[in-house]
Amino acid sequence: MSLQNTTKALLRDVVALATPAGRKVQTEGHARACSYLVERLRKLGLEPLGRDFAQPYRAAGYSLCNVMGVAPGRTRTLDPIVIAAHYDTCGALPGADDNAAAVAIVLELAARLRHEPAERDVIVALFDGEEPPCYLSPAMGSIHWYRCERRRPVHCAIVLDLVGHAVPLPGREDLVFVTGMESDPGLVFDDLAVPGVRVHPALNRYVGDLSDHHVFRLDRRPYLFLSCGRWQHYHRASDTPDKLDVAKMAAIVELCRVLL
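Figured I'd write up the structure that's included with this text. What you see is a predicted model; the values in this text were computed from it and never measured.

Along the backbone of the protein there are 7 helices and 9 strands. Here the C-alpha atoms of the protein give a radius of gyration of 17 Å, agreeing with the 18 Å that 2.2 N^0.38 yields for 260 residues. Taking the principal axes of its C-alpha atoms as reference, the protein extends roughly 45 × 45 × 35 Å. The contacts in the protein between residues at least 6 apart in sequence include a share of 77% that link residues at least 24 apart. Just so you have it, the protein exposes about 11,200 Å², and 53% of that area is on carbon and sulfur atoms.

Before going further, it helps to spend a moment on the environment of Asp 121. Topologically, Asp 121 is positioned in the loop between helix H3 (96–115) and strand S5 (122–127). When its relative accessible area of 2% is taken as the criterion, Asp 121 is described as buried. Sequence-wise, Asp 121 and Ser 211 are 90 residues apart; in three dimensions their C-alpha atoms are separated by 23 Å. Aside from chain neighbours lying at most four places away, what touches Asp 121 is Val 70, Ala 71, Pro 72, Gly 73, Arg 76, Pro 80, Ile 81 and Arg 152.

The buried fraction of strand S7 (residues 175–179) amounts to 4 of the 5 residues, a majority that puts the element mostly inside the structure. As defined by bridge partners, S7 adjoins strand S8 (residues 198–202) across 5 bridges and the pair is classed as parallel. Residue Leu 175 lies in a different strand from S8, and its bridge partner there is Arg 198.

With that settled, consider the pattern of salt bridges. All chains considered together, the criterion is met by 13 salt bridges. Two residues, Asp 52 and Arg 42, come together in a salt bridge whose shortest N-O distance is 3.9 Å. Of this pair, Asp 52 sits in the loop between strand S1 (47–48) and strand S2 (54–59) while Arg 42 sits in helix H2 (residues 28–44), and the two are 10 residues apart along the sequence. Classification of Arg 42 by relative accessible area gives partly exposed; the value is 41%. Residues Asp 121 and Arg 76 are paired through a salt bridge, measuring 3.0 Å at the closest nitrogen-oxygen approach. With Asp 121 in the loop between H3 and S5 and Arg 76 in the loop between strand S3 (62–71) and strand S4 (81–86), the pair connects residues that are 45 residues apart, well separated along the chain. Via salt bridges that share partners, Glu 47, Arg 76, Asp 121 and Arg 152 belong to a single interconnected network.

Further remarks concern the packing of helix H1 (residues 3–17) against helix H7 (residues 246–259). At a minimum axis distance of 9 Å, the contact between H1 and H7 shows a crossing angle of 105°. Between H1 and H7, the interaxial angle falls into the category roughly perpendicular. Between H1 and H7, the contacting residues are Leu 3, Thr 6, Thr 7, Leu 10, Leu 11 and Val 14 on the first element and Val 246, Ala 247, Met 249, Ala 250 and Val 253 on the second. Residue composition of the contact of H1 with H7, by class: 9 nonpolar, 2 polar and no charged.

To continue, consider the packing of H3 against H7. Where H3 meets H7, the axes come as close as 10 Å, and the angle between the chain directions of the two elements is 50°. Relative to H7, the element H3 lies oblique. Between H3 and H7 lies a crossing of right-handed hand. Note on element contacts: H7 touches H3 through Met 249, Ile 252, Val 253, Glu 254, Cys 256 and Arg 257, opposite Ala 101, Ala 104, Ile 105, Glu 108, Leu 109, Arg 112 and Leu 113. A per-class count over the contact of H3 with H7 returns 9 nonpolar, no polar and 4 charged.

This part is about the nonpolar core. Of all hydrophobic cores here, the largest spans 62 residues; its most connected members are Tyr 87, Ile 105, Leu 160, Leu 226 and Ile 252. With 12 residues, the single largest contributor to this core is H3. Sequence-distant contacts of Leu 160, that is, excluding residues within four places in its chain, are made with Ile 83, Ala 84, Ala 85, Asn 99, Ala 102, Ile 105, Val 106, Leu 226, Ile 252 and Cys 256. Within the second largest apolar cluster, 18 residues are counted, among which are Ala 125, Ile 143, Val 154 and Tyr 223.

A surface patch of nonpolar side chains, about 450 Å² in accessible area, is lined by Tyr 135, Leu 136, Tyr 206, Val 207 and Leu 210. With respect to the secondary-structure elements, Tyr 135 resides in the loop between S5 and helix H4 (141–149). Owing to a relative accessible area of 30%, Tyr 135 belongs among the partly exposed residues under this scheme.

A few words on the side chain of Glu 131. By the secondary structure assignment, Glu 131 is in the loop between S5 and H4. Arg 23 is the oppositely charged side chain nearest to the buried, salt-bridge-free Glu 131, at an N-O distance of 7.5 Å. Residue contacts for Glu 131: discarding those within four places in its chain leaves His 86, Asp 88, Thr 89, Cys 90, Asp 98 and His 235.

Cut-off values and rules
- Residues numbered from 1 in each chain as written.
- Predicted model: local features only at pLDDT ≥ 70, side-chain atom pairs only at ≥ 80, totals over all residues.
- Heavy atoms only, no water.
- Helix = DSSP H or I, 4+ residues; strand = E, 2+ residues; numbered from the N terminus.
- Rg over C-alpha atoms; globule rule 2.2 N^0.38 Å.
- Contact = heavy atoms within 4.5 Å.
- Areas by Shrake-Rupley, 256 points an atom, 1.4 Å probe, with all protein chains shown as cover.
- Buried < 20%, exposed > 50% of the residue type's maximum accessible area, 1.4 Å probe, protein only.
- Pairing = 2+ DSSP bridges.
- Salt bridge = Lys/Arg side-chain N within 4 Å of Asp/Glu carboxyl O.
- Axes fitted to C-alpha atoms, helices over the stretch in contact; angles between N-to-C directions.
- Parallel < 35°, antiparallel > 145°, perpendicular 65-115°, else oblique.
- Nonpolar A, V, L, I, M, F, W, Y, C, P; charged D, E, K, R; others polar.
- Left-handed = near helix turned anticlockwise from the far one by under 90°.
- Core = buried A, V, L, I, M, F, W, Y, C linked by side-chain atoms within 4.5 Å.
- Patch = residues over 30% accessible without salt bridge, like charges linked within 9 Å, V, L, I, M, F, W, Y side chains within 5 Å.
- Lys, Arg positive; Asp, Glu negative; His and termini not counted.

Below, the structure is given as structure tokens:
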């Protein structure tokens, strides 16, 4: 797909998700986002993970819903890779960078995997409950799925969060930080060249468990966490689609395709 078509597809999903109503759990905006994502996975031709793409659950008094599908791989007996992003927001905020941009990237990857399958199945996981008050609790979507709903071992996980913006440092705008290479020798790379983005490896202990890679790290499963870090619009009403670096998002799609 051309860069122009990729950026259009990414923006279409971001704009559909990043509304002023936000996607806080148990709100109308959250329910609309969930329905939109279920329909997107269905139209992409993915297989539901389980009986349906929507996987509702209750935890800690909250009603939540992970949205999950499978892009079939060439060898289906192999343990799957998980490619993940959370879709909820911290309050009634647009959440374009946090985390609609990552969701859009995952959806674009899913579209490509239907035409060019990976070696093994890829579980497309759009997790709920990543933001407070569910953050790092049993109600967090990734933790709930891994502990309560998972039916197969996970080969590794690639988690994206805050990947829609240029790093606010002159000359370093194209950086994407990657942690988790220490989780498995097979994930260590010295020179990963993808036009439009520069990879900066870092140890997770320098950053911490800031997102859905938390449960995979705890369970000693190989993982990579991709992020451009926090910026001035983090958890603010100004986190709107017009602030995003969509060309960088398209480059991160290519980066993830290489990692898969």
